[in-house]
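Descriptive structure summary
Residue strings, one per chain:
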Amino acid sequence: MSSLALYRRYRPESFAEVIGQEHVTDPLQQALRNNRVNHAYLFSGPRGCGKTTSARILARCLNCEKGPTPTPCGECQSCRDLARNGPGSIDVIEIDAASHGGVDDARDLREKAFFGPASSRYKIYIIDEAHMVTSAGFNALLKVVEEPPEHLKFIFATTEPEKVIGTIRSRTHHYPFRLVPPGTLRDYLAEVCRKENNPVEDGVLPLVVRAGAGSVRDSMSVMDQLLAGAGADGVTYAMATSLLGYTDGSLLDSVVEAFASGDGAAAFEVVDRVIEGGNDPRRFVADLLERLRDLVIVAAVPDAVEKGLIDAPADVLERMQAQAGVFGPAELSRAADLVNEGLTEMRGATSPRLQLELICARVMLPAAYGDERSVMARLDRLERGISLSGGAAPAMGYVPGPEVHGGMTGGPAPQDAASVPPGGGVAAARAAVRSGGAGPAAAPVAPAAHEAAAPPVPVPPPVAQEAAPAPTAPAPAQPQAPAPGAPGAWPAAAATGGGRRPGGWPTAAPAGGGRAPAAQGRPATPAAPDTPAPPAAPAPAPGSGGLDPRTLWPNVLEAVKNRRRFTWILLSQNAQVVGFDGTTLQIGFVNAGARDNFLSSGSEDVLRQALAEQFNVQWKVEAIVDPSGGSAPPATGGSGFGGGFQPGGGGASPAPRPAPAEQPASSARPATSASPAPAPPAPAPAAPPTERHVVAPEDDMPEDDDPDLDESALSGHDLIVRELGATVVEEFSNE
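These numbers were taken from a predicted model, which means no experiment stands behind them. Residue positions are given per chain, counting from 1 as you read along its sequence in written order. Local features are withheld for residues below a pLDDT of 70 in this predicted model, meaning they are given only at 70 or higher, and side-chain atom pairs are given and counted only at 80 or more; totals for whole chains, interfaces and linings count all residues. Computation of side-chain values covers all heavy atoms of the structure but excludes hydrogens and water.

The helix and strand tally for the chain stands at 26 helices and eight strands. Note on classification: 1.4 Å probe, protein chains only; a residue is buried when its accessible area is under 20% of the maximum for its type, exposed when over 50%, partly exposed between these limits. A burial count over the chain gives 40% of its 735 residues as buried. Here the accessible surface of atoms and residues is derived via Shrake-Rupley with a 1.4 Å probe, and residues count as covered only by protein chains that are part of the display. As displayed, the chain has an accessible area near 38400 Å², and 54% of this comes from carbon and sulfur atoms. Only runs of H or I of at least four residues qualify as helices and only runs of E of at least two qualify as strands under DSSP, and these elements are numbered from the N terminus.

Written out as structure tokens, the structure is:
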């Protein structure tokens, strides 16, 4: 077998053998039939698409003894000299412009061009890599290209036609060559393999076409390399993937199935196999993006295979159709976008494996992001019945439930709130502190909803005679650790040594809620053992799609920084999130001066616009003074939204409400001869409005040790000088 390269052994000898360039070969053949051949041509296009080959075929057609003809005879001396393995013709001169592109070479060509051909009809100059000719060289050729002798023809071939000066391009017929379509190239390679008598597996040719990227010469070189190393079984798929560096299809199937099922262990196991197998992580991500692109097309176009939109073997197409069926359209599009972004970030990365693992984590955790793509992906998973978090714990975040705002619904007011003036604010906080009604020890009574969430006590079998119940006597409540409140409720004041600091962010409560501790000094009312507990009311869902303001605060600051740097400096150095009820975001500032600068400078609108742009939420913003940095215990009392926010970030505690009256035993089971159950205690009467403590104007004056009275606050001028390093250039007086 000849050792000649495969692309040279199968180089076309006529325009009919050129593949994928019909838009060029057909007009050239028609021009030859009409005997309207121009004196100069410019062939441009990517490498390996047939420019130089077409130039040789055109020269062969022009100098054929039966020509000019579109089909050379192949028998005359000129055709034999210009054949595939011929010696070449003295009248067809090929010049490499990379080494002969100067003005001296152009002057030498111009002097020789006026001599007639030795034995052929035309003297033809084929100037390859014409973009390498210098401007002086082109200018030296300009006159001879514009008005050549009758026997002279020029054919310029280049991959960069824009570098050929305009005066030369305007004197030529320009034919742009294109890359060969994958289907045409695959059929051509299959025909070459049949002529070489080498068997090739089905999955090999698409890999070769992909490696050649539409270039016939590059594809033929890759195919020649595979055929040279093939054994008795021919070219196998495993051999092609390992030699060309592509990812095995089984790895792609495994990682796609892991994405679809949310199996993180399987996804990271595939990453480990890729790294341990010596594969390039960037190549794996590129192949994964190619697979996701195919899945998107299969999901969007059911008959994509019949239309030829996907080039893959039949078994791979079946697997892709099954994989596209388990993905939602939004989830599949989001995965492709994230992989594409990750591939861009991997360029120049020092740790490609880390980037690959981060890509997998982002694809598999749509719940960790609040953008529109992630929300749509979560909806797709919900439609398929896949759990987003893998557990039954409620989402973090607290939204005030109906039992928190008892005063707004007309319920009885608690006695502890009688001494707190309405409206909340600084005056209410001072009054609560002076009356001794605030502090960690004054824990509210658990609301009825918390009692209902407790598991029911098993009912004993009915008996003929029951013992009379003991008289109820007030007994002090036993100290116990406070249980977490129901999901969505405002957090109560934490006891000393509790699980979180007072005023801190609430933790997610377990399913079913818990029981809040009873206040000290209140009588404990025994519940009827045979009364089944009503089912627990479902906890309200967190507002704004479950967004966590504390987690999103760095992203909020970044969005604010892009809008207004002064607002970013003010928030990043002097403020933090201290409360959130689902619709209103409470921002605590370290002093009153920072709070006033925030309100007076329009920064509140900047923060609200950043929230709306980045997270598509319309939250209200409330700025307060919080010198404790969110660590002070919240003051008890205050019902409704007005008293819901207290300086300290913990929010308002649930207002204590009396437990509902117990149902008589006769409603639960048939009456027996036992003594009747004692009457339930009457609920505590509501405090009359006239007994509410009204804060006098002299009590509302700030005292010397008031923490809210901060004289060290900076003015706008001092703040700009200190934070931004500004310098006063000129002062203007507004008269």
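On to the side chain of Ser215, then. Relative to the helices and strands, Ser215 is located in the loop between α9 (204-212) and α10 (216-228). For this analysis, residues touch if any pair of their heavy atoms sits within 4.5 Å. Not counting residues up to four positions away in its chain, the partners in contact with Ser215 are Arg47, Gly48, Leu179 and Leu185.

Our next topic: the packing of helix α22 (residues 549-563) against helix α23 (residues 565-574). Note on definitions: angles span 0 to 180 degrees between N-to-C directions of axes, and those axes are lines fitted to C-alpha atoms, for helices only across the stretch in contact. Where α22 contacts α23, the two axes come as close as 6 Å, and the packing angle between them is 150°. Our classification of the angle between α22 and α23 gives roughly antiparallel. Seen from α22, the contacting residues are Trp553, Leu557, Val560, Lys561 and Arg563; seen from α23, they are Arg565, Thr567, Trp568, Leu571 and Ser572. Residues belonging to the contact of α22 with α23 are distributed by class as follows: five nonpolar, two polar and three charged. Angles below 35 degrees are treated as roughly parallel, those above 145 as roughly antiparallel, those between 65 and 115 as roughly perpendicular, and all remaining angles as oblique. All amino acids are sorted into three groups, where Ala, Val, Leu, Ile, Met, Phe, Trp, Tyr, Cys and Pro are nonpolar, Asp, Glu, Lys and Arg are charged, and the leftover types, Gly among them, are polar.

Through backbone hydrogen bonds, the strands of a sheet pair up, either in parallel or in antiparallel fashion. Should DSSP find at least two bridges between two strands, the strands are taken to pair. One open sheet accounts for five strands, arranged β2-β3-β4-β1-β5; its pairing is parallel. The two strands at the open ends of the sheet, each matched to only one other strand, are β2 (92-96) and β5 (173-176). Within the sheet, the average angular offset between the axes of one strand and its neighbour, ignoring direction, is 15°. Here six bridges tie strand β3 (residues 123-128) to strand β4 (residues 152-158), and the two strands are oriented parallel to one another. Pairing of Ile127 across the sheet is with Phe156, part of β4. Along the sheet face, helix α2 (residues 22-34) touches β1 (40-44) and β5 and points at about 145° away from the line of β5.

Once that is clear, we can look at the state of the cysteines. Criterion for a disulfide: a pair of cysteine sulfur atoms at a distance within 2.5 Å. Scanning the model with the defined rule gives zero disulfides in all. For the unlinked cysteine Cys61, the closest cysteine sulfur is that of Cys64, found at 7.8 Å.

What follows is about the nonpolar core. Where a protein is soluble and globular, its nonpolar side chains tend to be buried together. We call a set of buried residues a nonpolar core when its members are Ala, Val, Leu, Ile, Met, Phe, Trp, Tyr or Cys and they connect through side-chain atoms within 4.5 Å of each other. Ranked by internal contacts, the top residues of the largest apolar core, which has 37 residues, are Phe259, Phe284, Leu288 and Leu292. Broken down by secondary-structure element, the contributors of at least two residues to this core are α12 (249-261), α13 (264-276), α14 (281-300), α16 (314-326), α17 (329-345) and α18 (352-364). Leave out the neighbours within four places in its chain, and Leu288 touches Leu252, Val255, Val256, Phe259 and Val339.

This part covers the environment of Glu75. Inspection of the secondary structure assignment puts Glu75 in the loop between α3 (51-63) and α4 (77-81). C-alpha separation for the pair Glu75 and Cys64, spaced eleven residues apart in sequence, amounts to 9.0 Å.

As summarised here, the arrangement of the three strands in space is β6-β7-β8, forming an open sheet in which the pairing is mixed. Both outer strands of the open sheet, β6 (575-580) and β8 (620-625), are each paired with one neighbouring strand and no more. Geometrically, the sheet is characterised by an average inter-axis angle of 30° between neighbouring strands, direction not taken into account. Looking at chain direction, β6 and strand β7 (residues 584-589) are connected through five bridges and run antiparallel. Within the sheet, the bridge partner assigned to Val577 lies in β7 and is Ile587. Where α22 meets the sheet, its contacts fall on β6 and β7, and the angle it forms with β6 comes to roughly 145°.

Attention shifts here to a nonpolar patch on the surface. Patch construction takes residues with relative accessible area above 30% that form no salt bridge. Like charges are linked within 9 Å, and nonpolar side chains (Val, Leu, Ile, Met, Phe, Trp, Tyr) are linked within 5 Å. The salt bridge criterion pairs a side-chain nitrogen of Lys or Arg with a carboxyl oxygen of Asp or Glu, the two atoms within 4 Å. Taken together, Val375, Met376, Leu379 and Leu382 make up a surface patch of nonpolar side chains, about 320 Å² in accessible area. Along the chain, Val375 turns up in helix α19 (residues 372-384).

Attention now moves to the packing of aromatic side chains. Each Phe, Tyr or Trp ring, with Trp reduced to its six-membered ring, pairs with another whose centre is within 6.5 Å; inter-plane angles below 30 degrees give stacked pairs, above 60 give edge-to-face pairs, and intermediate values give tilted ones. Using the criterion set out here, one finds eight aromatic pairs in the structure. When the centroid spacing of 6.3 Å and the interplanar angle of 50° are considered together, the rings of Tyr41 and Phe43 count as tilted. Seen in terms of ring centroids, Phe580 and Trp619 are 4.6 Å apart; in terms of plane orientation they differ by 55°. Their pairing is tilted. Of the two residues, Phe580 is situated in strand β6 and Trp619 in the loop between α25 (603-615) and β8; the sequence distance between them amounts to 39 residues. We classify Trp619 as buried; its relative accessible area is 4%.

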